[in-house]
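As a plain string of letters, each chain reads:
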Amino acid sequence: PDLLPYRPQRQTPYIYTDAEVAALLQGARCLSDPLMSATYTTLLGLLAATGMRVGEALRLDQQDIDWPGSLLTVSHSKFGKARHVPLHGSTITALDDYAQARDRLRPPRRTPSFFISRAGTRVLHQNFHHVFLRLVRLSGIGGGRSRRPRLHDLRHTFAVRTLRDWYRAGVDVEPRLPRLST
């Protein structure tokens, strides 16, 4: 047994289709609580549009968004690193729409967090994950496949689509690869 070291194998990522991402967002829009609906729809949309890690999105604070520059600052990324995430105009608009709805639906906030819960506090990873699993089940995503979709697979989907689009555009992919690993 000591001759061949055991190496755990990573699970094969689940790559979401555009229709599956749309179904997740539609499911989040249908959540009964208006603040929860706005929060989860915007969070899922941000993850799909940027490839951010779930924890990074949940840790975003108000000051981490550079509205005129269309840029997010991720202060506490993996291994304690910080980085900037450029945002498409439609993503900035969605974040602004959420901020307005959030402030209208829950004026007294108890945290600098950008995404808030019904209690006015930062959204907890466990709660977000629980709602995500419910949305996956209700929307029928992954039915009949051997791999169950995971929340982190939105990040994998973003990376795969980015690489595919670069290849299709004839871009020299090699120098851009380090960007995907941050």
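Everything numeric here is computed off the predicted structure, so don't read it as measured data. (Residues numbered from 1 in each chain as written. Predicted model: local features only at pLDDT ≥ 70, side-chain atom pairs only at ≥ 80, totals over all residues. Heavy atoms only, no water.)

**Q** So what's going on with unusual backbone geometry? Residues and values would help.
**A** With phi around 50°, Ser-70 is a residue other than glycine that occupies positive phi space. Here Ser-70 shows up in the loop between β1 (65–66) and β2 (71–74). Look at Ser-70 and you get partly exposed, because its relative accessible area is 22%. (Helix = DSSP H or I, 4+ residues; strand = E, 2+ residues; numbered from the N terminus. Buried < 20%, exposed > 50% of the residue type's maximum accessible area, 1.4 Å probe, protein only.)

**Q** Just give me the short version of helix α4 (residues 89–105), but keep the residues and values in it.
**A** In this model, α4 (17 residues) spans 24 Å end to end at C-alpha, consistent with the 24 Å of a helix rising 1.5 Å per residue. Three or more residues of α4 are buried, namely Thr-91, Ile-92, Leu-95, Tyr-98, Ala-99, Ala-101 and Arg-102. Along its buried surface, α4 packs onto α2 (34–50) and β1. (Expected span 1.5 Å × (residues − 1). Contact = heavy atoms within 4.5 Å.)

**Q** Which residues make up the confidence of the model for the chain, and what values do they have?
**A** Confidence along the chain averages 90 in pLDDT terms, with 97% of residues attaining 70 or more. Least confident of the elements in the chain is helix α7 (residues 177–180), whose mean pLDDT is 66; most confident is α2, at 97. (pLDDT = per-residue confidence, 0-100.)

**Q** So what's going on with the nonpolar core? Residues and values would help.
**A** Burial of nonpolar side chains together is a common tendency in soluble globular proteins. Judged by nonpolar contacts, the single largest core of 41 residues is most densely connected at Leu-44, Leu-46, Phe-115 and Phe-128. Going through the elements one at a time, α1 (18–29), α2, α3 (54–58), β2, α4 and α5 (125–139) are the ones with two or more residues in this core. At eight residues, α2 tops the list of elements feeding residues into this core. When sequence neighbours within four positions are dropped, the list of residues in contact with Leu-44 reads Leu-24, Leu-25, Ala-28, Phe-128, Phe-132, Leu-135, Leu-151 and Leu-154. (Core = buried A, V, L, I, M, F, W, Y, C linked by side-chain atoms within 4.5 Å.)

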